Amino acid sequence: MQLPQDVVINILLRLPVKCLNRFVCVCKSWYKIIKSNTFIQQHHHQGEELLLLLSNYSKNDRDCHSTLFKFISNDLTTFVDQDFFNTLPFDSYNYSIHGHCNGLFCIFNEENRVALWNPANKEIKLLPHFPREYTNKHCLYFGLQFGWDQRIDDYTVVVFLEEHNYNSDTPLCVYIYSLNNDSWRHFKGYVPLDGVDFDSNLFLDGVFYWLQYMHYDGTIISFRISDDVFEEITGPNCLTKSVFLYTALDKYNGHVAIIVGGMPGSDNSIDVYVLVSENCWNKVVSCIGLSIENFSPLGIWEHGEIILDGEGSCHIYDPRTQQLNDQVVCPDGNYLKRSYKESLVSLKKIPRDFDDVIGIANFFM
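Considerations on the packing of aromatic side chains
Next up, step 1: Taken as a whole and judged by the stated rule, the model has 14 aromatic pairs.
Next up, step 2: On the numbers, 5.5 Å between centres and 35° between planes, the contact of Phe105 with Trp117 is tilted. Residue Phe105 is located in strand β5 (residues 104-109), and its partner Trp117 is located in strand β6 (residues 114-118); the two are separated by 12 residues in the primary sequence. Take Phe105 and Trp117: they sit in the same class, and that class is buried.
Next up, step 3: Among the aromatic residues, those joined into a cluster by ring pairs are Phe160, Phe187, Phe203, Phe208, Trp210, Phe223 and Phe230.

A closer look at the sheet that holds strand β12 (residues 196-204)
Next up, step 1: Across the sheet, four strands lie side by side as β12-β13-β14-β15; this open sheet has antiparallel pairing. Here the strands that pair on one side only, and so sit at the sheet edges, are β12 and β15 (229-233). Adjacent strand axes in the sheet meet at a mean angle of 25°, parallel and antiparallel pairs treated alike.
Next up, step 2: Inspection of the sheet shows strand β14 (residues 220-224) paired to β15 by five bridges, in the antiparallel sense. In the sheet register, Arg224 faces β15, and the bridge partner there is Val229.

A look at the nonpolar core
In a soluble, globular protein the nonpolar side chains are often hidden away together inside.
Next up, step 1: Counting residues in each nonpolar core, the largest one holds 45 residues, and the members touching the most others are Phe39, Val114, Val157 and Trp184.
Next up, step 2: In terms of residues, this core owes the most to one element, β5, which gives five residues.
Next up, step 3: Excluding residues that lie within four positions of it along the chain, Val157 makes contacts with Cys106, Val114, Leu116, Leu127, Leu144, Gln145, Phe146, Tyr175, Ile176, Tyr177 and Trp184.

Digging into the packing of helix α3 (residues 28-35) against helix α4 (residues 37-45)
Next up, step 1: Orientation of α3 relative to α4, taken along the N-to-C sense of each, is 60°, at an axis distance of 5 Å. Between α3 and α4, the angle is such that the two are oblique. Of the residues in α4, those in contact with Ile33, Ile34 and Lys35 of α3 are Asn37, Phe39 and Ile40.
Next up, step 2: Of the residues belonging to the contact of α3 with α4, the class tally is four nonpolar, one polar and one charged.

Some details on the pairing of strand β19 (residues 280-287)
Note on strand geometry: in a regular strand, side chains alternate between the two faces of the sheet.
Next up, step 1: Note that strand β18 (residues 270-277) and β19 share seven bridges and pair antiparallel. Paired with Val274 across the strands is Asn282, a residue of β19.
Next up, step 2: Linkage of β18 to β19, two consecutive antiparallel strands, is achieved through a turn of two residues, within which Asn279 is found at a positive phi near 60°.

Examining the side chain of Arg113
Next up, step 1: Note on placement: Arg113 falls in the loop between β5 and β6.
Next up, step 2: Judged by relative accessible area, Arg113 falls into the buried class, the value being 14%.
Next up, step 3: Reaching out from Arg113, the side chain makes a polar contact with the backbone oxygen of Leu127 at a distance of 2.6 Å.

Focus: empty space enclosed by the protein
Next up, step 1: One pass over the full model with this rule turns up two cavities of 30 Å³ or more.
Next up, step 2: Considering only enclosed or pocket space, the second largest cavity measures out at about 30 Å³ in volume.
Next up, step 3: Forming the walls of the second largest cavity are Asn21, Val24, Ile34, Lys35, Ile40 and Leu344.
Next up, step 4: Taken together, the residues of the lining of the second largest cavity sort by class into four nonpolar, one polar and one charged.

A few points about the sheet that holds β6
Next up, step 1: Spatially, the four strands line up as an open sheet ordered β4-β5-β6-β7, and their pairing is antiparallel. Strands with a single pairing partner mark the edges of an open sheet, and in this sheet they are β4 (95-101) and β7 (123-126). Neighbouring strand axes in the sheet, compared pairwise and without regard to direction, differ in orientation by 25° on average.
Next up, step 2: Here β5 pairs with β6 via four bridges, running antiparallel.

Notes on the confidence of the model for the protein
Next up, step 1: For the protein, per-residue confidence averages 76 on the pLDDT scale, and 70% of positions sit at 70 or higher.
Next up, step 2: In the model of the protein, helix α5 (residues 354-358) stands out as the element of lowest mean pLDDT, 41, in contrast to helix α2 (residues 17-23), which has the highest, 90.
Next up, step 3: Counting interchain partners and residues more than four positions distant, the pLDDT-below-50 stretch residues 351-365 has 30 contacts.

Considerations on the pattern of salt bridges
Opposite charge on two side chains makes pairing possible when the charged atoms of those side chains draw close.
Next up, step 1: Applying the stated criterion across every chain, the model contains seven salt bridges.
Next up, step 2: A salt bridge links Arg151 to Asp149; the nearest nitrogen and oxygen atoms lie 3.3 Å apart.
Next up, step 3: The buried category is assigned to Asp149, whose relative accessible area is 7%.
Next up, step 4: Each of Glu305, Asp318 and Arg320 takes part in one network of salt bridges that share partners.

A closer look at the pairing of strand β17 (residues 255-261)
Next up, step 1: With six of seven residues buried, β17 is to be regarded as a mostly interior element.
Next up, step 2: When strand β16 (residues 246-252) meets β17, the two strands line up antiparallel, connected through seven bridges. Bridging from a neighbouring strand, Tyr252 pairs with His255 of β17.
Next up, step 3: Where β16 folds back onto β17 in an antiparallel hairpin, the turn is made up of two residues, including Asn253, whose phi is positive at roughly 50°.
Next up, step 4: Direction of pairing for β17 relative to β18: antiparallel, over a ladder of five bridges. From the neighbouring strand, Ile259 faces β18, where its bridge partner is Val272.

Quick notes on the rules
- For every chain, the first residue of the written sequence is number 1, and numbering continues from 1 onward in sequence order.
- pLDDT decides what is reported in this predicted model: residues at 70 or higher carry local features, side-chain atom pairs at 80 or more are listed and counted, and totals for whole chains, interfaces and linings draw on all residues regardless.
- As a convention, hydrogens and water are excluded, and side-chain values are obtained from all of the structure's heavy atoms.
- Any Phe, Tyr or Trp ring, taking Trp's six-membered ring, that has another such ring centre within 6.5 Å forms a pair; planes under 30 degrees apart are called stacked, those over 60 apart edge-to-face, and the others tilted.
- Where helices and strands are cited, they refer to DSSP runs of H or I of at least four residues and of E of at least two residues respectively, numbered from the N terminus.
- Each residue gets one of three labels from its accessible area relative to the maximum for its type: buried under 20%, exposed over 50%, partly exposed in between, using a 1.4 Å probe on protein chains only.
- Pairing between strands is defined by DSSP: at least two bridges between them are needed.
- As a rule, the C-alpha atoms of each element are fitted with a line to give its axis, helices using only the stretch in contact, and angles between N-to-C directions run from 0 to 180 degrees.
- For our purposes a nonpolar core is just a set of buried Ala, Val, Leu, Ile, Met, Phe, Trp, Tyr and Cys residues, chained together by side-chain atoms within 4.5 Å.
- Any two residues whose heavy atoms approach within 4.5 Å are treated as being in contact.
- Convention used here: angles under 35 degrees read as roughly parallel, angles over 145 as roughly antiparallel, angles from 65 to 115 as roughly perpendicular, and any remaining angle as oblique.
- When residue character is reported, Ala, Val, Leu, Ile, Met, Phe, Trp, Tyr, Cys and Pro are called nonpolar, Asp, Glu, Lys and Arg charged, and the others, Gly included, polar.
- Nitrogen and oxygen atoms within 3.5 Å of one another constitute a polar contact, given that in protein one can donate a hydrogen and the other can accept it, and given that sequence-neighbouring residues count only through two side-chain atoms.
- Here a cavity denotes grid points, spaced 1 Å and computed from the protein atoms alone, that fit a 1.4 Å probe unable to get out, and a pocket denotes an open set having protein on both sides within 12 Å along at least 5 of 7 lines; residues with an atom within 4 Å of a point are the lining.
- Grid points are joined across faces, edges and corners, and a volume is the space filled by probe spheres set on the points.
- On a scale of 0 to 100, pLDDT captures the predictor's confidence in every residue.
- Between Lys or Arg on one side and Asp or Glu on the other, a salt bridge is scored when a side-chain nitrogen of the former is within 4 Å of a carboxyl oxygen of the latter.

Here's what the structure looks like:
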């Protein structure tokens, strides 16, 4: 007896990537289902989300690499075996993980090479060199972001570089990579990125966001992939009052949010502001008198919990219960919060017309 196709799809959607990568060999129809763009997106959307802590650290001025930890049930364990990074397609071992999107990570090394990595299917793709003027080591890396343009189903890497010449005020050079085209292009428009904190970033609904710290005026810089336009967004008023505020960008209920807290000498408070319209912010979380000191916000978790870095320990504060969980000891390092769901996205070239072939797109409508 053959199961109806919608039943087969519902079963397959509940399976991990490791199993699905095997099941593509079962039959042609399963291959077409699992490899379709629609199935890949739906599988990722309903997958289990993990909280990861990323540490990009260096033993000295030259040796730099990254470690990913997963946070489960108040315990911190290694997300991936560190020996895996020895297999990266780089001539140099010095690397750091930067952008992440839809279960994929972007890795950058000291020789200005970029690679994409899917931990679920263990695929790694080394991207082409930057255009000729930046293929050598005489440039200064400033920042890297990674996102997905849903409009054309294309993954995009944005890299900011500057010529390594301290005797001149060389402007930032922006290069944009398209996975569909497997090539870089030079962005020649206006780039208002003076004083931007590239670690304090967010990618949401096709737009990159960065917090500008140089003038401490709370300005946020945005870049929409589809329009190739940088814009400036005025931040909450509280960010203009002190240079000592610790902040982080993240999303809250689908909106751009800024977490503010951990100011030295303050009342150990945390506030979360949400961007509700152009240059208009609402405070949605306010907590005073946390039982820890010297902390900085890392991000927001799936149900609104706030992740805090407490100098060698990690805490999760739940605004709904106003409870702070027991601390989890973290290895030395500066941490960034990352969320992760398994992804079936292949970094190899595959046909893109599967939905038309098997006719399952309407099932997901």
